Amino acid sequence: MGSPLSVHHPHNVTRPLPFFHPTRAVFAPPSSDENASSELHDNASSTHWSSRASRKRRYSTRPIHLARTSTFGRERLQDMPLAQKELVLLEQRVRQPGIRLKVHLAWDISFWVAVVFVLGSTVWIINGFFLFLSLVGIGSDNFVASAWSAFVGGTLFEIGSYLMYVEALNTGHDELFGPALRELLGHASRTVSEDPSRDSDSAKTEKGLTEGGGSGPRRVKFRWIGIGSWRELGFLACFVQMWAATIFWVSTITGLPNVIPGMPDDPPTAVTDIFFWTPQVLGGSGFIISSLLLMIEVQKRWWLPNLRSMGWHVGFWNLIGALGFTLCGALGYASLASTQVNYQSVLSTFWGSWAFLIGSVIQLWETLWREDAPAPKSAED
């Protein structure tokens, strides 16, 4: 018989909405002293958890050990060119045990979610320049460039939203993203056999969650599609975001040249309203719901903003961007009948894109760093 497993029980949980799972918790070690229960959250050994930080992989999974530099290694460092030497020293500083900067970003799905949204928001800003500058008399109307830039921006938002969904679907074992992606690319190029060996990437896309038992260890495989818990605020927000982006993407396809006859000067009203403006309104409304859920996820109460959380600011600026994109579609129904309405519709996309970019940059910054260890007395914040 092995040593008994030490279980930390949640001393304090945060549940912003009644039906959903807790989004934050403080786990304290078991104590035989019942009178000490009120002081557990002040104990330095308490562990703080949040659903967003867990989904974004902001908790360090293992300590990083550094090998001592030998005399031979120091001599080699002295003989290096200055630029290479500075690069080696920088890498050593980044990999120090106490550093909060993530060191393996290439296989961090949260990092790529943020990068794709930064690129998508940038493309949407370029699209806004194409549309807005022609309205104020600067440059000529370039429908082809604006249509294709909207399609690229919508496609990047679709990719980023899908990665958000995959990220939420694999919370807790997202370190399998790298092996799973290599396996997927290997199958696509037919370089991975159908029956992989135990040492292959296919075998590494699974991990055990238990150390034994009557039925043996339980395995978890990285999932590219599936359903998570509907009572998990983070998963629900990401699921809504993915479908909203998919619906919105339809409008970027129908907005391409020659898809709807007569676009943009004299298209059929009914066809344009149904297949171009309506997907923008529905998709933008989904973005609003998703942003609100992401904001509520990091709050103590559904009505109490958490200005100290980067995740809250990500949701807030995405909410502003979602309002802009929704307003663009809503005003678009009357854009052909009124130049002023068309002006406000285009302007809504422009400032909405900037808001999305601000939120995406904050999210990128968030994914670069590990979670701060909270102060012992901040458990009730």
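Source: prediction; values computed, not measured. (Residues numbered from 1 in each chain as written. Predicted model: local features only at pLDDT ≥ 70, side-chain atom pairs only at ≥ 80, totals over all residues. Heavy atoms only, no water.)

Topic: the overall build of the protein chain
- A tally of regular secondary structure across the protein chain gives 11 helices and five strands.
- Residues counted as buried form 40% of the 381 residues belonging to the protein chain.
- The contacts of the protein chain with a sequence gap of at least 6 include a subset with a gap of at least 24, amounting to 72%. (Helix = DSSP H or I, 4+ residues; strand = E, 2+ residues; numbered from the N terminus. Buried < 20%, exposed > 50% of the residue type's maximum accessible area, 1.4 Å probe, protein only. Contact = heavy atoms within 4.5 Å.)

Here we look at the confidence of the model for the protein chain
- In the predicted model, the protein chain carries a mean pLDDT of 81, and 71% of its residues have values of at least 70.
- For the stretch residues 62-72, pLDDT sits under 50, and the model shows nine contacts to residues farther than four places along the chain or on other chains.
- Note on residues 209-214: pLDDT is under 50 here. Beyond four places in sequence and across chains, it has six contacts. (pLDDT = per-residue confidence, 0-100.)

Observations concerning the packing of helix 8 (residues 233-254) against helix 9 (residues 269-297)
- At their nearest, the axes of helix 8 and helix 9 sit 7 Å apart, and the two run at 160° to each other. Our classification of the angle between helix 8 and helix 9 gives roughly antiparallel. In terms of crossing hand, the pair formed by helix 8 and helix 9 is left-handed.
- Taken together, the residues of the contact of helix 8 with helix 9 break down into 18 nonpolar, nine polar and one charged. (Axes fitted to C-alpha atoms, helices over the stretch in contact; angles between N-to-C directions. Parallel < 35°, antiparallel > 145°, perpendicular 65-115°, else oblique. Left-handed = near helix turned anticlockwise from the far one by under 90°. Nonpolar A, V, L, I, M, F, W, Y, C, P; charged D, E, K, R; others polar.)

So, the environment of Ile253
- Here Ile253 shows up in helix 8.
- When the C-alpha atoms of Ile253 and Phe151 are compared, they prove to be 6.3 Å apart, with 102 residues separating the residues in sequence.
- When sequence neighbours within four positions are dropped, the list of residues in contact with Ile253 reads Phe151 and Val259.

So, the packing of aromatic side chains
- Scanning the model with the defined rule gives 31 aromatic pairs in all.
- Their ring planes at 85° and their centres at 5.5 Å tell us that Phe19 and Phe20 sit as a pair that is edge-to-face.
- By relative accessible area, which is 52% here, Phe19 ends up exposed.
- Phe20 sits in the buried class, given a relative accessible area of 12%.
- When the centroid spacing of 4.7 Å and the interplanar angle of 75° are considered together, the rings of Phe276 and Trp277 count as edge-to-face.
- Look at Phe276 and you get buried, because its relative accessible area is 13%.
- Trp277 gets classed as buried once you look at its relative accessible area, which sits at 11%.
- One aromatic cluster is present, formed by Phe117, Trp124, Phe157, Phe248, Phe287, Phe325 and Phe356 through successive ring pairs.
- The residue whose ring lies beneath Arg182 is Trp107, and the NZ or CZ to ring-centre distance is 4.9 Å. (Phe/Tyr/Trp six-rings, centres within 6.5 Å; stacked < 30°, edge-to-face > 60°. Lys NZ or Arg CZ within 6 Å of the ring centre and 35° of its normal.)

Overview of the side chain of Ser360
- Inspection of the secondary structure puts Ser360 in helix 11 (residues 339-367).
- In terms of polar contacts, Ser360 uses its side chain to reach the side chain of Ser121, at 3.4 Å. (Polar contact = N/O pair within 3.5 Å; in protein donor to acceptor, adjacent residues only side chain to side chain.)

What to know about unusual backbone geometry
- Cis geometry is found at the peptide bond from Met263 to Pro264, where omega equals 5°.
- For Pro264, the location among the structural elements is in the loop between helix 8 and helix 9.
- Positive phi, close to 75°, is recorded for Asn258, a residue that is not glycine.
- Within the element layout of this structure, Asn258 appears in the loop between helix 8 and helix 9.
- Judged by its relative accessible area of 75%, Asn258 falls in the exposed class.

Structural notes on the environment of Gly120
- Structurally, Gly120 is set in helix 4 (residues 109-135).
- Taking the relative accessible area as the measure of exposure, Gly120 reaches 0% and is therefore buried.
- Put simply, Gly120 and Leu357 are 237 residues apart on the chain and 8.3 Å apart in space, counted from C-alpha to C-alpha.
- When residues no more than four places from it in sequence are discounted, the contact partners of Gly120 are Gly153, Leu156 and Phe157.

Observations regarding the nonpolar core
- Tyr165 and Phe287 are the most contacted members of the largest nonpolar core, which has 43 residues in total.
- Elements with a contribution of two residues or more to this core: helix 4, helix 5 (143-169), helix 6 (177-188), helix 8, helix 9 and helix 10 (310-332).
- Top contributing element to this core by residue count: helix 8, with 10 residues.
- Counting seven residues, the second-largest nonpolar core is a separate cluster that includes Ala147, Met263, Phe276 and Cys328. (Core = buried A, V, L, I, M, F, W, Y, C linked by side-chain atoms within 4.5 Å.)

Here's the deal with the side chain of Asn170
- On the secondary structure map, Asn170 appears in the loop between helix 5 and helix 6.
- Polar contacts involving the side chain of Asn170 include one to the main-chain carbonyl oxygen of Val166, which spans 2.8 Å.

A few points about the pattern of salt bridges
- Within the structure shown, the criterion is met by three salt bridges.
- With a shortest N-O distance of 2.7 Å, Arg55 and Glu297 are connected by a salt bridge. Taken together, the residues span a long stretch of sequence, with Arg55 in helix 1 (residues 51-55) and Glu297 in helix 9 at a distance of 242 residues.
- Using a relative accessible area of 3% as the deciding quantity, one classes Arg55 as buried.
- For Glu167, the salt bridge identified is with Lys56, shortest N-O distance 3.3 Å. With a gap of 111 residues between them, Glu167 in helix 5 and Lys56 in the loop between helix 1 and helix 2 (71-79) connect regions that are remote in the sequence. (Salt bridge = Lys/Arg side-chain N within 4 Å of Asp/Glu carboxyl O.)

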